[in-house]
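Analysis of the macromolecular model
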Amino acid sequence: MPRTWIFDLDNTLHHADRHAFPVIDAAMTQWLTTQLAISPAQANQLRLNYWQRYGATLLGLRKHHKHLNPHHFLSACHPLPTLRQELHPMPRLKSTLARLAGKKYLFTNGPLSYAEMMLDTLGITDHFAGIAAIDTVKLQPKPHLAAFRQMLRQFALSATECVMVEDSIDNLVSAKKLGMSTVWLRAHHHQHPAADYCIRHLHQLLHCQS
């Protein structure tokens, strides 16, 4: 039977490090500077500190700055017109998705508006049956197990029927705990117990479906 594929977005379907992440990080620093009345250097340090301590800057803000609106944060830190200006899709992205048998879903720590824009601009919206974004899973980011469980409920899926495709091994550890099969997309073939398959290029997924 065809498998159900759960795809990460950033650095899985496109090279986010080349444009998207620098834009998001800069917007996040600017928003924190304004909202907390601190210097850009302090804001950047706070952003990194919360990301390292909690796995997502958003979680640090929700814990320590409850007066800030998390939805405003997500919107401000994902300036869609700027993000749309430059795209770096993975090689053979469209043909790989077209040839990969089974339903495909997107699961991202970005907001829904960003995920929808990226799929549309990459020209791959029609390949996906649904999107789970951080604002559809109760603001719980990967790798938290609660986020994965909420995603599975959203799509009415069983973990054991799913294959998670990710560049983050921490996220794959969570997926594996729930019973998913896992594919680790990374530049080097370093093995990890949480990765059933390790690939260097997205199009190598076609070898994982046999």
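Report on the accompanying structure.

Focus: the pairing of strand S2 (residues 104–107)
- Residues of S2 alternate between two faces, with Lys104 and Leu106 on one and Tyr105 and Phe107 on the opposite face, all of them buried.
- Relative to S2, strand S1 (residues 4–7) is paired through 3 bridges, and the arrangement is parallel. In the strand pairing of S2, Phe7 is matched with Leu106.
- Bridge analysis of S2 against strand S3 (residues 130–132) gives 3 bridges, and the strand direction is parallel. Each residue of the ladder has a partner; that of Leu106, found in S3, is Ile131.
- In this fold, S2 hands off to helix H7 (residues 112–122), which returns the chain to S3; that crossover is right-handed.

Remarks on the nonpolar core
- Core analysis: the biggest nonpolar cluster contains 51 residues, and Phe7, Leu13, Leu106, Leu202 and Leu205 have the highest contact counts within it.
- Sorting elements by how many residues they give to this core places helix H1 (residues 20–36) first, with 7 residues.
- Other than its neighbours up to four places away in sequence, Leu205 contacts Trp5, Phe7, Leu100, Val165, Val183 and Ile199.
- In terms of nonpolar packing, the next biggest core, distinct from the first, is built from 22 residues, Phe107, Met151, Leu152 and Met180 among them.

Section: the pattern of salt bridges
- The final tally for this structure, using the stated rule, is 4 salt bridges.
- A salt bridge links Asp196 to Lys176, with the nearest nitrogen and oxygen atoms 2.6 Å apart. Of the two residues, Asp196 sits in the loop between strand S5 (181–185) and strand S6 (197–199) while Lys176 sits in helix H9 (residues 169–177), which places them 20 residues apart along the sequence.
- For Asp196, a relative accessible area of 36% puts it in the partly exposed group.
- We classify Lys176 as partly exposed; its relative accessible area is 31%.
- A single salt-bridge network, built from bridges that share partners, covers Asp8, Lys142 and Glu166.

As for H1
- Counted at 1.5 Å a residue, the expected span for H1 with its 17 residues is 24 Å, and the 24 Å between its end C-alpha atoms agrees.
- Taken residue by residue, H1 has Ala20, Val23, Ile24, Ala27, Met28, Thr29, Trp31, Leu32, Thr33 and Leu36 as its buried positions.

Let's talk about the sheet that holds S2
- With respect to topology, 6 strands assemble into an open sheet ordered S3-S2-S1-S4-S5-S6, the strand pairing being parallel. At either end of the open sheet lies a strand with only one pairing partner, and these are S3 and S6. Within this sheet the neighbouring strands show an average axis-to-axis angle of 20°, counted without direction.
- Examined bridge by bridge, S1 and strand S4 (residues 162–166) share 4 bridges and lie parallel to one another. When the sheet's bridge partners are listed, Thr4 is paired in S4 with Cys162.
- Along the sheet, H7 contacts S2 and S3; its crossing angle with S3, the most-contacted strand, is approximately 140°.
- Along the sheet face, H9 touches S4 and S5 and points at about 175° away from the line of S5.

Description of a positive patch on the surface
- Judged by side-chain charge, Arg53, Arg62, Lys63 and Lys66 come together as a positively charged surface patch.
- Mapped onto the elements of the fold, Lys63 is located in helix H3 (residues 57–64).

Notes on the side chain of His19
- Looking at where His19 falls in the secondary structure, it is placed in the loop between S1 and H1.
- Classification of His19 by relative accessible area gives buried; the value is 10%.
- Excluding anything up to four places from it in sequence, His19 contacts Thr82, Leu83, Glu86 and His88.

Describing the packing of aromatic side chains
- Under the definition given, this model contains 5 aromatic pairs.
- Their ring planes at 80° and their centres at 5.9 Å tell us that Phe7 and Phe128 sit as a pair that is edge-to-face. Of this pair, Phe7 sits in strand S1 while Phe128 sits in the loop between H7 and S3, placing them 121 residues apart in sequence.
- For Phe7, a relative accessible area of 0% puts it in the buried group.
- When its relative accessible area of 12% is taken as the criterion, Phe128 is described as buried.
- Seen in terms of ring centroids, Trp31 and Phe73 are 5.3 Å apart; in terms of plane orientation they differ by 70°. Their pairing is edge-to-face. Of this pair, Trp31 sits in helix H1 while Phe73 sits in helix H4 (residues 70–76), and the two are 42 residues apart along the sequence. As far as burial versus exposure is concerned, Trp31 and Phe73 are alike and both buried.
- One cation-aromatic arrangement involves Lys142 over Phe107; the distance from NZ or CZ to the ring centre is 4.9 Å.

Rules and cut-offs
- Sequence order sets the numbering: in each chain, residues are counted from 1 along the sequence as written.
- Where local features are concerned, this predicted model is filtered to residues with pLDDT of at least 70; where side-chain atom pairs are given and counted, the filter is 80 or more; whole-chain, interface and lining totals use all residues.
- To get the side-chain values, take all heavy atoms of the structure and skip hydrogens and water.
- Categorising residues by exposure relies on relative accessible area from a 1.4 Å probe, with only protein chains included: less than 20% of the type maximum marks a residue as buried, more than 50% marks it as exposed, and the intermediate range marks it as partly exposed.
- Numbering of helices and strands runs from the N terminus, with a helix taken as a DSSP run of H or I at least four residues long and a strand as a DSSP run of E at least two residues long.
- Here, any two strands with at least 2 DSSP bridges between them count as paired.
- With its strands directed away from the observer, a crossover is right-handed exactly when the path from the first strand over the helix to the second travels clockwise.
- Here, nonpolar core means buried Ala, Val, Leu, Ile, Met, Phe, Trp, Tyr and Cys residues that are tied together by side-chain atoms lying within 4.5 Å of each other.
- By definition in these notes, contact holds between two residues if any of their heavy atoms fall within 4.5 Å.
- Any Lys or Arg side-chain nitrogen located within 4 Å of an Asp or Glu carboxyl oxygen qualifies as a salt bridge.
- One fewer than the residue count of a helix, multiplied by 1.5 Å, yields its expected span.
- In this description, a line fitted to the C-alpha atoms serves as the axis of each element, helices being fitted only across the stretch in contact, and the angle between N-to-C directions of two axes falls anywhere from 0 to 180 degrees.
- Each patch is built from residues lacking any salt bridge and having more than 30% relative accessible area; the joining distance is 9 Å for like charges and 5 Å for nonpolar side chains (Val, Leu, Ile, Met, Phe, Trp, Tyr).
- Per-residue and other accessible areas follow the Shrake-Rupley method at a 1.4 Å probe size, with only the shown protein chains counted as cover for residues.
- The charged-residue count follows a simple rule in which Lys and Arg add positive charge and Asp and Glu add negative charge, with His and chain termini not counted at all.
- Where a charge lies is defined by one atom per residue type, namely NZ (Lys), CZ (Arg), CG (Asp) and CD (Glu).
- Two aromatic rings from Phe, Tyr or Trp, using only the six-membered ring of Trp, form a pair when their centres are within 6.5 Å; if the ring planes differ by under 30 degrees the pair is stacked, by over 60 it is edge-to-face, and anything between is tilted.
- For a lysine, the NZ atom is tested; for an arginine, the CZ atom; a charge sits over a ring if that atom is within 6 Å of the ring centre and within 35 degrees of the ring normal.

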